[in-house]
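One letter stands for each residue in the lines below.
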Amino acid sequence: MTTSNFTKSFIALVLFIAIVGCTETKKKRVINFPKTDLVMENMIPKPLKVIPTNGGFPLDEFTAIYTSKNATGFEAVAKFLAKKIKGKTGLDIPVNVGEVPNMETVIYINQSDSLDLKGDEAYQLYITQDSIILNANTDEGAFRGIQTLRQIIPETSTDTLAPNKIWPVPTGKIIDNPQFEYRGSMLDVARHFFSVEDVKKYIDLLAYYKYNVLHLHLTDDQGWRIEIKSWPLLTEVGGSTEVGGEAGGFYTQEEYKDIVAYAAERHITIVPEVDMPGHTNAASVSYPFLNGNGKKPELYEGTQVGKSTFDTRKDTVYAFIDDVIREISAITPGPYFHIGGDESHVTKKKDYIYFVEKVEKIVQKHGKTMIGWDEIGQADVAASSISHFWSSKKNALSAVAKGMKIIMSPAKKAYLDMQYDSLSKHGLHWAAFIPTDTAYVWHPEEYEGIPLENILGIEAPLWSETISDIGELEYLAFPRAIGYSELGWTMKENRDWESYKVRLGNQAPFLDRMNVKYYPSPLIDWKKSKYSYKEIQKD
Ligand code: TNX
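Residues numbered from 1 in each chain as written. Predicted model: local features only at pLDDT ≥ 70, side-chain atom pairs only at ≥ 80, totals over all residues. Heavy atoms only, no water.

K.L.:
Describe the overall build of the protein, naming the residues involved and giving the relevant values.
P.N.:
Each helix and strand in the protein was counted, giving 16 helices and 16 strands. Counting only residues that meet the buried cut, the protein has 60% of its 539 residues in that class. Contacts in the protein between residues at least 24 apart in sequence constitute 73% of all its contacts with a sequence separation of at least 6. When the accessible surface of the protein is summed, it comes to about 21200 Å², and 54% of that surface belongs to carbon and sulfur atoms. (Helix = DSSP H or I, 4+ residues; strand = E, 2+ residues; numbered from the N terminus. Buried < 20%, exposed > 50% of the residue type's maximum accessible area, 1.4 Å probe, protein only. Contact = heavy atoms within 4.5 Å. Areas by Shrake-Rupley, 256 points an atom, 1.4 Å probe, with all protein chains shown as cover.)

Written out as structure tokens, the structure reads:
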């Protein structure tokens, strides 16, 4: 045994004795590390209440995680946390091994029925120099809570007199719950296809910022990306192309299920979209009877919109749509099905309305709630369906008049595919240039007169006409997607650019560690990482 191994074993023995009952020696665990002033500065989205107590919980090799017994999903949350702690610090933290040792240097994830916990995603964190207690009603709340914890664990350990490495977690009390129940982002995997691995990486990043929805735009003129077993040509033919003549691709149902399960482990709901009656060229090339624009459909790799439409007056078209919605709904546990419905410029208005009303019934028959882009507000749809506001205030307000809920994605503010400025390497600017501050400094709560009580939440869509790999995707999505997480979670009165800007700059070590090729906005003072992501294990 080397001297240092001997020292380690000796210390472990002393600590073991301390933990199993010798209360006198307990204090030894907390003497030798400095107070921390990290407090708020790493947290995005900003929690509802933070009361710092300016000490540090010594996260180290002696820390253990425990959860309430028989609390559904809590152990999975704890294991997720242990894995992330390992990725960040290298520490191996056991989960639910043995009995809880007097709550000392323990992280305890507790199921609580406290009325102070407002909703499924609410959580409370009580961090002292001895223990971290995370209270939540559900595993979903616990999962949101561990993201906060991940964010306040320092990137590097502190040099202390203690022989082992310690990551001091700032002490205090955090009370938190989200403002909106729907906090999403969208990936357009139709204009350019993105692999399962790319989508999973995006999900990981969204989860860290407490998003709870990923909307997948699965079909468009340039490609059909989801296997439909009863209509195999959709992917065989319609999946073979993408913008710019590159290879295309699609998800098999097994792969889609894998994405859904991966998202579910991170308490993220997948919302599938099949865009129709416009944006349907890829489907119509695969099965020409669907086509309603009077021309012979051909594979399309350009970026124009508004040229395609289904034939809205054929029963066989609705039989086809029934199959598609049935198959996708069967492998989608979430409550929503997005029917698109945007930019159907070559569908007659009366045909469009007839179509949306018929498709709504099909979606309902398969047990889902319909979401459609704001144009669906022109049809006579149910109050239970959801309007996705992207461009027309008039359409959004007619949805409000029907009692519908609205998802806020105004292109001028929330489109991740808009360029930051005229020099941006990727992106479009038909709606606006959206620099990092503009993306953050607006209020979805009071935009275009849509009443707050009708707002289900916010979503940041990333259309992919100009991006074809994960690095380009990350350039457009980050850092803006981080700001949208705060617009969705944090109340208006707790948001301000000056505070956000500092906290955003502090995300750089995390983004580097995750190998995210974010746009280094000159508005932000990006914190230097002590090491490059390549040198340490990825999170
Ligand atoms: C508008 S937003 C579209 C998409 C494009 C996007 C590009 C919406 C519902 N339709 O088809 O990809 O602009 O920014």
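From this point, the narrative continues.
K.L.:
Summarise the site of the ligand; cite the residues concerned and give the values.
P.N.:
Among the 13 residues in the neighbourhood of the ligand, the closest are listed as Arg191, Tyr415, Asp417, Trp430 and Glu465. Glu343 is positioned with one of its side-chain polar atoms (N or O) 3.2 Å from a nitrogen atom of the ligand. Within the side chain of Trp430, one N or O atom sits 2.7 Å away from an oxygen atom of the ligand. Residues that form the shell around the ligand fall into these classes: seven nonpolar, one polar and five charged. (Near = heavy atom within 4 Å. Polar contact = N/O pair within 3.5 Å; in protein donor to acceptor, adjacent residues only side chain to side chain. Nonpolar A, V, L, I, M, F, W, Y, C, P; charged D, E, K, R; others polar.)

K.L.:
Could you give me a rundown of empty space enclosed by the protein, with the residues and numbers involved?
P.N.:
Considering all chains together, one arrives at one cavity of 30 Å³ or more under this definition. Its boundaries defined by the atoms lining it, the largest cavity holds a volume of some 70 Å³. Lining of the largest cavity is provided by twelve residues; of these, Val50, Pro170, Thr171, Gly172 and Ile174 occupy positions nearest its centre. Looking at the lining of the largest cavity, the element that brings in the most residues is strand S6 (residues 167-176), giving five residues. Broken down by class, the residue content of the lining of the largest cavity amounts to nine nonpolar, two polar and one charged. (1 Å grid on protein atoms, 1.4 Å probe; cavity = no way out; pocket = protein on both sides within 12 Å on 5 of 7 lines; lining within 4 Å. Points joined across faces, edges and corners; volume = space filled by probe spheres on them.)

K.L.:
Can you explain the sheet that holds strand S2 (residues 64-67)? Please cite residues and give values.
P.N.:
Pairing within the open sheet is mixed, and its six strands lie in the order S1-S6-S4-S5-S3-S2. One side of each edge strand has no neighbouring strand; the edge strands of this open sheet are strand S1 (49-59) and S2. Across the sheet, the mean angle separating the axes of adjacent strands is 20° when strand polarity is ignored. Taken together, the five bridges between strand S4 (residues 123-127) and S6 define a ladder with antiparallel strand orientation. Directly across from Ile127, in S6, lies its bridge partner Gly172. Docked against the sheet, helix H3 (residues 139-152) engages strand S3 (106-111), S4, strand S5 (131-136) and S6, running at close to 40° with respect to S4. (Pairing = 2+ DSSP bridges. Axes fitted to C-alpha atoms, helices over the stretch in contact; angles between N-to-C directions.)

K.L.:
Could you give an account of helix H9 (residues 349-365), naming the residues involved and the relevant values?
P.N.:
With 17 residues, H9 extends 25 Å from end C-alpha to end C-alpha; this agrees with the ideal 24 Å at 1.5 Å per step. Residues of H9 that are buried include every one of Asp351, Tyr352, Phe355, Val356, Val359, Glu360, Ile362 and Val363, and no others. The arc that holds the buried residues of H9, viewed along the axis, is 165°, so those residues lie on one side. Counted as exposed and oriented over 90 degrees from the buried face of H9: Lys350, Lys361 and Lys365. If you follow the buried residues of H9, they end up packed against helix H8 (315-330), strand S12 (336-338) and strand S13 (369-373). Taken from the residues just after H9, Gly367 is the one with a positive phi, measuring 80°. (Expected span 1.5 Å × (residues − 1). Arc of directions from axis to C-beta.)

K.L.:
Go over the nonpolar core, please, and point to the residues and values.
P.N.:
Residues Ile109, Ile321 and Tyr484 are the most contacted members of the largest nonpolar core, which totals 143 residues. Top element by residues in this core is helix H4 (residues 196-208). It accounts for eight residues. Leave out the neighbours within four places in its chain, and Ile109 touches Ile65, Tyr66, Thr67, Ser68, Phe74, Val77, Ala78, Leu81, Leu134, Ala142 and Ile146. Core analysis: the next-biggest nonpolar cluster, separate from the first, contains eight residues, Tyr182, Val271, Tyr336 and Leu456 among them. (Core = buried A, V, L, I, M, F, W, Y, C linked by side-chain atoms within 4.5 Å.)

K.L.:
Requested: an account of the environment of Pro232, with residues and values cited.
P.N.:
The residue Pro232 is located in the loop between strand S10 (223-224) and helix H5 (233-236) in this model. Distance from Pro232 to Tyr287, taken between C-alpha atoms, is 10.0 Å for residues 55 residues apart in sequence.

K.L.:
Give a description of the environment of Glu375 that names residues and reports values.
P.N.:
Summarising the element assignment, Glu375 is placed in the loop between S13 and strand S14 (386-389). Excluding residues that lie within four positions of it along the chain, Glu375 makes contacts with Gly341, Asp342, Glu343, Tyr352, Trp390 and Asn395. At a separation of 3.0 Å, a polar atom in the side chain of Glu375 contacts the side chain of Trp390.

K.L.:
Before we move on, can you summarise the pairing of strand S7 (residues 182-188) with the specific residues and values?
P.N.:
Of all seven residues in S7, seven are buried; the element is thus mostly enclosed. Side-chain alternation along S7 places Tyr182, Gly184, Met186 and Asp188 on one buried face and Arg183, Ser185 and Leu187 on a second face that is also buried. Bridge count for S7 against strand S16 (residues 455-462) is six bridges, and the pairing is parallel. Note on S16: the bridge partner recorded for Leu187 is Leu462. Across five bridges, S7 lies against strand S8 (residues 213-217) in parallel orientation. Looking at the pairing, Met186 lines up with His215 of S8. Read as a crossover between parallel neighbours, the route from S7 over H4 to S8 is right-handed. (Right-handed = clockwise from strand over helix to strand, strands pointing away.)

K.L.:
Account for the pattern of salt bridges, naming residues and giving values.
P.N.:
By the definition in use, this model includes 26 salt bridges. Arg191 is the partner of Asp188 in a salt bridge, and the nearest nitrogen-oxygen pair spans 3.0 Å. Looking at Asp188, the relative accessible area reads 1%, which means it is buried. According to the relative accessible area criterion, Arg191 is buried, its value standing at 2%. (Salt bridge = Lys/Arg side-chain N within 4 Å of Asp/Glu carboxyl O.)

K.L.:
Residue-level account of the environment of Glu99, with values.
P.N.:
By secondary structure assignment, the location of Glu99 is in the loop between helix H2 (74-89) and S3. By relative accessible area, Glu99 is classed as exposed at 64%. For the pair Glu99 and Tyr66, spaced 33 residues apart in the sequence, the C-alpha separation amounts to 8.7 Å.

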